[in-house]
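Survey of secondary and tertiary structure
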Amino acid sequence: MSTATLEGLLSYLYGTLSPSNMQWVGERLIAYAQSERDEQLRPYTTKEIDDMLDEAEAAFEAGDYQTNDEVFHPNREAVTV
């Protein structure tokens, strides 16, 4: 979102919210931003890693994968040997 858009939103909120409502909104925005940041920084547990590996191995066994050429050259025609 652009700075101008955010400034416009901020001006609108200044003009429409009471000081207590501004504080209420601000506290919730801060709490939400912190929880989002904390979730992004949270390390995976061993169980989560094991589950992801199990899913990947099952997909590979089922043939659900892309070759190196398909990943790095998606527009190239597949070459059969």
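This structure is a prediction, so every number in the text was calculated from the model and none was measured.

**Section: the pattern of salt bridges**
- Enumeration according to the criterion identifies five salt bridges in this entry.
- For Glu39, the salt bridge goes to Arg42, with nearest N and O atoms at 3.5 Å.
- Residues joined in a network through salt bridges with shared partners are Glu39, Arg42 and Glu48.

**Notes on helix H3 (residues 46-61)**
- The end-to-end C-alpha separation of H3 is 22 Å, in line with the 22 Å expected for 16 residues at 1.5 Å each.
- Immediately beyond the C-terminal end of H3, within one or two residues, lies Gly63, with a positive phi of roughly 80 degrees.

**Considering a nonpolar patch on the surface**
- Together, Met1, Leu6, Leu9 and Tyr12 line one region of the surface with nonpolar side chains, adding up to about 490 Å² of accessible area.
- Structurally, Met1 can be placed in the segment before helix H1 (3-16).
- Residue class for Met1 comes out exposed when judged on its relative accessible area of 77%.

Each value, and the rule that gives it
- Sequence order as written defines residue numbering, which begins from 1 separately in each chain.
- In keeping with the predicted nature of the model, local features appear solely for residues at pLDDT of at least 70, side-chain atom pairs appear and are counted solely at 80 or more, and the whole-chain, interface and lining totals rest on all residues.
- Hydrogens and water are ignored here; the side-chain numbers use all heavy atoms of the structure.
- The salt bridge criterion pairs a side-chain nitrogen of Lys or Arg with a carboxyl oxygen of Asp or Glu, the two atoms within 4 Å.
- The secondary structure listing takes helices from DSSP runs of H or I that are at least 4 residues long and strands from runs of E that are at least 2 residues long, numbered from the N terminus.
- Multiply 1.5 Å by the residue count of a helix minus one, and that product is the helix's expected span.
- Patch definition: residues with relative accessible area over 30% and no salt bridge; like charges joined within 9 Å; nonpolar side chains (Val, Leu, Ile, Met, Phe, Trp, Tyr) joined within 5 Å.
- For the area figures, the Shrake-Rupley method with a 1.4 Å probe applies, and any residue is considered shielded solely by the protein chains shown.
- For every residue, the accessible area (1.4 Å probe, protein chains only) is compared with the maximum for its type, and the residue is labelled buried under 20%, exposed over 50%, or partly exposed between those bounds.

Don't take any of this as a statement about function, it's just geometry.
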